[in-house]
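Below are the chains, spelled out letter by letter.
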Amino acid sequence: SIVFLNDSFMPMDQAKISPMDRGFLFGDGIYEVIPTYNGKMVGFAPHIARMQEGLGLIGINLGWTEAKWRDVVETLIEKNDGGNLGVYLHVSRGADVKRSHAYPENVTPTVYAFAFEIPPANVADKSVTKTYKVNSTEDLRWKRCHIKSTALLGNVMHYQQGFAEGCNETLLFNANNELTEASACNVYVIKDGVIATPPLDNQILPGITRLILLDLLAKESSLKVEERPVTMEEVENADEIWLTSSSKEVAPVIEFNGKAVGNGEIGDVWLIAQSIFSSGKY
Ligand code: PDD
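Residue numbers here run from 1 along each chain, matching the order of that chain's written sequence. Local features in this predicted model are restricted to residues whose pLDDT is 70 or higher, and side-chain atom pairs enter the listing and the counts only when it is 80 or higher, whereas totals over whole chains, interfaces and linings include all residues.

1. Focus on the overall build of the protein chain
Filter applied, for reference: Per the convention used, a helix needs a DSSP run of H or I reaching at least four residues, while a strand needs a run of E reaching at least two, with both numbered from the N terminus. Only C-alpha atoms enter the radius of gyration, while the globule expectation follows 2.2 Å times N to the 0.38, with N the number of residues. Note that contacts rest on C-beta atoms placed from the backbone: two residues are in contact if these are within 7 Å.
A count of helical and extended segments in the protein chain gives 7 helices and 15 strands. Relative to the globule expectation of 19 Å for 282 residues, the C-alpha radius of gyration of the protein chain, 19 Å, shows essentially globular dimensions. With the C-alpha coordinates of the protein chain rotated into their principal frame, the extents come out at 55 × 40 × 35 Å. Within the protein chain, contacts between residues separated by at least 24 positions form 71% of all contacts whose residues are at least 6 apart in sequence.

Encoded structure:
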C-alpha cells in the first residue's frame, strides 16, 4: 500500500523512521482513525479537530491547517484506490539525538499516515450484523484518557485480557464501579428504551462516532439519551449494550461476562439507532 511520511507518499516498505523517534521510544504522539466508505469520509472535520486539540494538549506544534490534512487524506485514499478504508493518522513529537524526557526544542514532528481495509458500512439489519461478547475489568489506564495518545499499552493489555477469554471487547469500570468505556470503543446501556452513556471527562475518549450518533439521535429520533455516570449494575441489567467506534459504527453486544444481554439477541433500539446512523453519518 501507499503511505504518507513527513512530506511525501511512498510504498509502505520504503517508509523509514528513526529509532530515536519519540513516538517509538516514549509513545509520545497523537493519532486518529477516520473511516471512509467508497471514498467518502465520515466525520472528517471533528476527527481533525480532535487531533489538533490533542496536539495542543501535549505541546506539539505541527501547524497544519485542516485543509492541509484534507489534501493528505484525500490523496492517500485516491492512491490506495478508495473502497472501504480506515485512514490512520499519526503525529509524534519527532526524533531527538538523545533520549531525554523533557520535550526537546527544534525537533520536527513526524507525520505518518496509512490506509487499511475496513468492513463495509453496517446496515440496520439484525441478520447480518456482527455481534460482540465482552467481559469487564477495572480500568487501569491513566487519568488522561481524553487524549488520543499513541501510548496504547494500557488499552492493549485490557483488550488482550478479554480476547484471551474469547471476547472481542473489554468493558472498563473505575474505582466507583462506574463504566468508563471499552479498550477501543465508547459504551452505551439501554434500559426501557432509554440510552445512557458516560459523560465526557478525563476517563474516556470523546469518540467521534459518539458525537455523530448522539447528534443524529437528538435530531432524528424521539429516543431519550442520558449522558451521565453509569454503574456496572446498570450494565449487568441492561436490555441492550452497544459499542461505538470509527470502524464498528454502532455495534450490539449480546453477551456480558458470560451472560446474555437482554434476551441474548440484537435489540430493537439498536435497529432504530443504526438505521438513523446509517442514513445520516456523512
Ligand atoms: N479507537 N475509546 C477508545 C479508547 C478508542 O480507542 C476509540 C477509537 C473510541 C471511539 O472513538 P471514535 O468513535 O472516534 O473512533 C473510544 C480507534 C478506532 C482505534 O484505536 O483503532
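Still more ground to cover, so stick around.
2. Let's talk about the domain arrangement of the protein chain
What counts, and what does not: As annotated, the domain borders come from an automatic or database domain assignment. Residues are grouped as follows: Ala, Val, Leu, Ile, Met, Phe, Trp, Tyr, Cys and Pro are nonpolar; Asp, Glu, Lys and Arg are charged; every other residue, Gly included, is polar.
Along its sequence, the protein chain is organised into domain 1 (2-117) and domain 2 (132-280). Taking only C-alpha atoms, the centre of domain 1 and the centre of domain 2 are 26 Å apart. Elements with a contribution of two residues or more to the side of domain 1 that touches domain 2: β3 (29-37), α2 (44-57) and β5 (85-92). Among the residues making up the side of domain 1 that touches domain 2, the classes are represented as 8 nonpolar, 9 polar and 2 charged.

3. Considerations on the site of the ligand
Stated precisely, the cut-off is as follows: What makes a residue near a molecule or strand is its C-beta atom, placed from the backbone, lying within 6 Å of it.
The ligand sits among 15 residues. The nearest are L205, G207, I208, T209 and S246. Only α5 (208-220) and β13 (240-245) provide two or more residues apiece to the shell around the ligand. The element that contributes the greatest number of residues to the shell around the ligand is α5, accounting for 3 residues. Its residues assigned to classes, the shell around the ligand shows 5 nonpolar, 8 polar and 2 charged.

4. Thoughts on α2
How we decide: The span one expects for a helix is its residue count, reduced by one, times 1.5 Å. The burial criterion counts other C-beta atoms lying within 10 Å of a residue's C-beta, which is placed from the backbone; the residue is buried at 20 or more, exposed at 12 or fewer, and partly exposed between these limits. Throughout, the arc means the angular range of directions from the helix axis out to the C-beta atoms.
With 14 residues, α2 ought to run about 20 Å at 1.5 Å a step, and its terminal C-alpha atoms sit 20 Å apart, in line with that. Within α2, burial applies to F44, H47, I48, R50, M51, G54 and L55. Looking straight down α2, one finds its buried side chains confined to an arc of 155°; they lie on one side. Exposed residues on α2 whose side chains face more than 90 degrees from its buried face are A45 and G56.

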